[in-house]
Amino acid sequence: MTLHDRLLAEVERRKALAVAAMPGPWAVWRDLDAQGFYAVGEASGVIPEGENWVDGEHNPTAHVYVIEDAEFIAGHDPADALRRYEHYERVLERHSIIWRTIGWMEGGDTEYAELPVCVRCVPKHSHFRTRAEVPQACDDILDLAAALDVEVSDG
Ligand SMILES: [Zn+2]
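None of these values were measured; they are calculated from a predicted model.

What counts as what
Residues numbered from 1 in each chain as written. Predicted model: local features only at pLDDT ≥ 70, side-chain atom pairs only at ≥ 80, totals over all residues. Helix = DSSP H or I, 4+ residues; strand = E, 2+ residues; numbered from the N terminus. Rg over C-alpha atoms; globule rule 2.2 N^0.38 Å. Buried ≥ 20, exposed ≤ 12 C-beta atoms within 10 Å, placed from the backbone. Contact = placed C-beta atoms within 7 Å. Domains from an automatic or database assignment.

Counting its secondary structure elements, the protein chain contains 4 helices and 6 strands. Listed by position from the N terminus, the elements making up the protein chain come as α-β-β-β-α-α-β-β-β-α. Relative to a compact globule of 155 residues, whose C-alpha radius of gyration would be 15 Å, the protein chain shows 24 Å and is clearly more extended. On the principal axes, the C-alpha backbone points of the protein chain span a range of 80 × 25 × 25 Å. Burial statistics for the protein chain: of 155 residues in total, 14% are counted as buried. Across the protein chain, every contact between residues at least 6 apart in sequence was considered, and the portion connecting residues at least 24 apart equals 52%.

Glancing now at the domain arrangement of the protein chain. Taken domain by domain, the protein chain comprises domain 1 (3-89) and domain 2 (92-148). Spacing between the C-alpha centres of domain 1 and domain 2 amounts to 40 Å. Listed by partner, the interface residues are 7 residues for domain 1 and 8 residues for domain 2. Going through the elements one at a time, α1 (3-20) and α3 (78-94) are the ones with two or more residues in the side of domain 1 that touches domain 2. Of the residues forming the side of domain 1 that touches domain 2, the biggest block, 5 residues, is contributed by α1.

Encoded structure:
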């Protein structure tokens with residue numbers, strides 16, 4: 001499985017989790033039943049300060065003691081995650097892999113081979129000093145691997 005395939009699989013796995021979760025936007029409110037807790041969940045469930053009821057069924061997604069943690073969770077709701085993963089999919093699409101004839105100089109001779117390279121970052125007829133300098137993955141894909149905590153090498 002290539003790095004591209006592993007990154008796409010990880011993005012799809014995370015997207016499925018975000019789709020399955022309570023849709024956003026999420027918000028924070030002081031939980032009236034459990035003193036000391038903050039509730040985090042669907043923004044329509046926010047109980048305004050001084051009120052003790054909102055219409056409808058609103059179950060919090062989480063109860064959190066620390067307001068900063070509650071605000072962090074609410075700010076990273078499924079809608080936020082989906083926007084991020086859709087951005088990652090666009091990066092993967094823009095930096096897809098193509099087999100190209102790539103050349104390099106080694107021992108004074110020019111050599112060529114069909115190699116899998118980034119369609120955007122390694123132009124046609126690219127030439128490198130050595131075969132080792134031909135990038136296995138471009139910087140954008142390496143950044144994506146770091147963001148998703150996916151190992152670059154498959155071994
Ligand atoms: Zn690239």
